[in-house]
Structures are given as C-alpha cells and as structure tokens.
Amino acid sequence: MCRLPTGSCLSSLRQHQPGGTERSSYATERGHTPGRRVGGDTIGLVLSFPRVAPGKALSISATLYVTFTRCPDQALGRVHGVYPEETIASFRGGLAHRVFARHLERGPIGSDEFEKVCREEIGTGLNPSLGALGLRPSQLAPVVKEVGDLYQRFKAVIREGFRDADVFIELEPAAGVTLRGSIDAVFDDAGGVCLVDWKTGGLHETGSQLGFYAMLWALDRGELPTRVEALSIASGERFEAEPSLASVTETAASVAAMVTMLRRAADEGRDELERIGGPWCSFCPLLDSCTEGAAAVRITTA
Ligand code: SF4
C-alpha cells in the first residue's frame, strides 16, 4: 500500500474530450511485453498514442496540458515562450519539493542542518529562480522558515513503500512530439505502484495533471499505476484516483488533440485560441491584453 495520510477521496480523474481516432502502436514499438497484466488492466500492446497532425516540434509537459485544459490560449502563449513570472510562492514550492525528495531518498533532516540543506538544494537547482526573484540572502530566511514548517507536516507521511522520488519521464510518441513530466514520488501499492504529487498550496483541479502522469507512466512502462494521488502538505487535502486503460487512453487522445490544435494554430499563423476565463486568469501573463480574463478576475475578486 502507498502509506499516505488518509483524507477526502474525490471522484475519478477529470478527463477531456477525445481527439483523433487513428493510432500508432507506440507501446509495441518500444518493445513492452505484449498483454502484460498490471493493476487489473491488460496493457502493453493496447495503449497507443493517437496520430497527430504533422508540424512544429512541441514539448508537452503536464503543466502545458493542464494549462490547455483550462484555457487553450494561455497554453498557446506558453508554446510561444510567454510564461508566468516567478513568484515567491513558486520558489517556496520548488524548494519544499527538493527538501521532500531529499528526505525520502536520504532520510530525515535534522533541525540543526535544515538551513544548510536548503542552501545546498537552492544551489543545486534553484539559483535561476532565485536570480529571477532578485531575493537577497537575508530575504531567504522567512522562505526557509516556511519550508521548514511544511517539512514538519511532510514528515507525518509514512515512508513505508517508498520506491523513488523525482522520477523524470520523457518520450517521443510521435514525430516532433515530446511528452515529459516529473513525478514527485513513487510508492509500492497493492499490485503495482502509486504515483504521488505533493502540493504546497491547495489542491485545486489536479485530475488532469494526475491523468497526464498516469498516461506517461503507462506509455513509458507499459503498465498502469494502480493509483495516483495528490496530497496538499499545506492543507492536508487529498485527491486520489485509480487509472484505468480507458482513462489513460482518453487522456492520450486529449493530449493528441491538443497537439493537433496547437500545430494547426502555428501553421495558420494564428496567435489566439479559445480563451476561457477562470480563477487561473489572475496568474496569466496574457491578462493585461485579455478582456475575458479581466472579466473573470473582476468576478473572482468581487
Ligand atoms: S487571462 Fe484568462 S482567459 Fe485570458 S488568456 Fe489568460 S487564462 Fe485565458
């Protein structure tokens, strides 16, 4: 079992409408064992990535996919290199994730060494974010303190069954289409593995992100994770789902449809796609020039 604190268990993964129906036999090309039975579904030969329109090389992360499911135009902005600015919250989250992974891989971090460990982790992977924020070393202290508070909560997570942290998967299921994602932690689970995503804020809508990870795992490993979970270390909220062959196939179709739409937009020289306003508009780098986003922000901040 994946030993995580129990909490509210929400419904199954949020999924989106399938796209094209022609399929390439990606799993077979990678040589996965045909018909391997994992987590209740026979996969291997069966899961395949749908055919997509040819065009611009695209790198599809879970973040891009989630962004697209919320607002296609913001996703197109990312493809054109327009990203949200770095924030202290995102930096704090990044540092907390590195601390969590270090705990899982090396064991508990003593309070007397916590600050030193944070500085090591910043030096290893977060210096660009630190530079973008322009934080002076003296301004780091409150951030380290907040990460320390999160770490105390994180330690309540039982380590039993831990298998791996920061599992990066990258694959090219169609020409010029790279899928990539970094799974925070993998735990042994009854009959398979549980993929876990730590959150340092609220859970919001995590179904699409977890669905993307489940699809990525299935395409790369030729097996289904038995469960996917998101756990907010800050609030204790928890979301879990049991991926099925149908759900990962649907996610693959949705990702493929997104690829085709983004490529067609690039081919046609379009710099706009459908705009869907929502709470995410507050953090959108296109907000200043978006009437839909402005209307959404007026409503959500009223
Ligand atoms: S501000 Fe909102 S509606 Fe406008 S592009 Fe950004 S996310 Fe979409």
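Residues numbered from 1 in each chain as written. Predicted model: local features only at pLDDT ≥ 70, side-chain atom pairs only at ≥ 80, totals over all residues.

Which parts of the structure should I look at to understand the overall build of the protein?
Scanning the protein from terminus to terminus reveals 9 helices and 10 strands. Put simply, 73% of the contacts in the protein that link residues at least 6 apart link residues at least 24 apart. (Helix = DSSP H or I, 4+ residues; strand = E, 2+ residues; numbered from the N terminus. Contact = placed C-beta atoms within 7 Å.)

Looking at this structure, I do not really get the site of the ligand. What am I missing?
The ligand sits among 15 residues. The nearest are C71, C281, C284, C290 and G293. When residues of the shell around the ligand are traced back to their parent elements, those giving at least two are α3 (72-79) and α9 (291-300). By residue number, the principal contributor to the shell around the ligand is α9, which donates 3 residues. A breakdown of the residues in the shell around the ligand according to their chemical character gives 9 nonpolar, 3 polar and 3 charged. (Near = placed C-beta within 6 Å. Nonpolar A, V, L, I, M, F, W, Y, C, P; charged D, E, K, R; others polar.)

What should I look at first to understand the nonpolar core in this one?
The tendency in soluble globular proteins is for nonpolar side chains to be buried side by side. Within the largest apolar cluster, 67 residues are counted, with the highest numbers of intra-cluster contacts made by Y65, L195, Y213 and A214. Looking at which domains feed residues into this core, each of domain 1 (23-83 + 160-267) and domain 2 (88-154) gives three or more. With sequence-adjacent residues up to four places away left out, Y213 is seen in contact with A62, G181, I183, L195 and V228. (Core = buried A, V, L, I, M, F, W, Y, C linked by C-beta atoms within 7 Å. Buried ≥ 20, exposed ≤ 12 C-beta atoms within 10 Å, placed from the backbone. Domains from an automatic or database assignment.)

Looking at this model, I keep getting lost on the packing of helix α4 (residues 88-106) against helix α6 (residues 140-154). Mind explaining?
Helix-helix packing is characterised by the crossing angle of the two axes and by the distance between the axes. As a packed pair, α4 and α6 sit with axes 9 Å apart at the nearest point and diverge in direction by 45°. If you check the angle between α4 and α6, you find them oblique. Crossing angle aside, the handedness with which α4 passes α6 is right-handed. Here I88, F91, R92, L95, A96, V99, F100 and H103 of α4 come into contact with α6, specifically with V143, E146, V147, L150, Y151 and F154. (Axes fitted to C-alpha atoms, helices over the stretch in contact; angles between N-to-C directions. Parallel < 35°, antiparallel > 145°, perpendicular 65-115°, else oblique. Left-handed = near helix turned anticlockwise from the far one by under 90°.)

For this particular structure, what's the right way to read the packing of helix α2 (residues 62-70) against helix α7 (residues 207-221)?
At a closest axis distance of 9 Å, the pairing of α2 and α7 adopts a crossing angle of 135°. Comparing their axes, α7 and α2 come out oblique. Pair α2 / α7 crosses with right-handed handedness. Note on element contacts: α7 touches α2 through S208, Q209, F212 and Y213, opposite A62, Y65, V66 and T69. Considering only residue class, the contact of α2 with α7 consists of 5 nonpolar, 3 polar and no charged.

Mind showing me how you'd approach the environment of P108 here?
In this fold, P108 is placed in the loop between α4 and α5 (114-133). Here P108 is in contact with H103 and K155, once residues within four sequence places are set aside.

Looking at this structure, how should I read the pairing of strand β9 (residues 227-232)?
In the case of a regular strand, side chains alternate between the two sheet surfaces. With 6 of its 6 residues buried, β9 lies for the most part within the structure. Judged by which residues are buried, β9 turns out to be covered on both faces: R227, E229 and L231 on one side and V228, A230 and S232 on the other are all buried. Bridging between strand β8 (residues 192-199) and β9 involves 6 bridges; their strand directions are parallel. Note on β9: the bridge partner recorded for W198 is L231. Of the strand pairs in this sheet, β9 and strand β10 (residues 238-241) are connected by 4 bridges, and their pairing is antiparallel. Bridge pairing links V228 to A241 in β10. Where β9 folds back on β10, the antiparallel hairpin that results is connected by 5 residues, among which G236 adopts a positive phi of roughly 85°. (Pairing = 2+ DSSP bridges.)

Help me understand the environment of D166, please; the structure alone is not making it clear to me.
Mapped onto the secondary structure, D166 falls in strand β6 (residues 162-174). Residues D166 and A101 lie 65 residues apart in sequence; the distance between their C-alpha atoms is 6.8 Å. Ignoring any residue separated from it by four or fewer positions in sequence, one finds D166 in contact with A101, S182 and D184.

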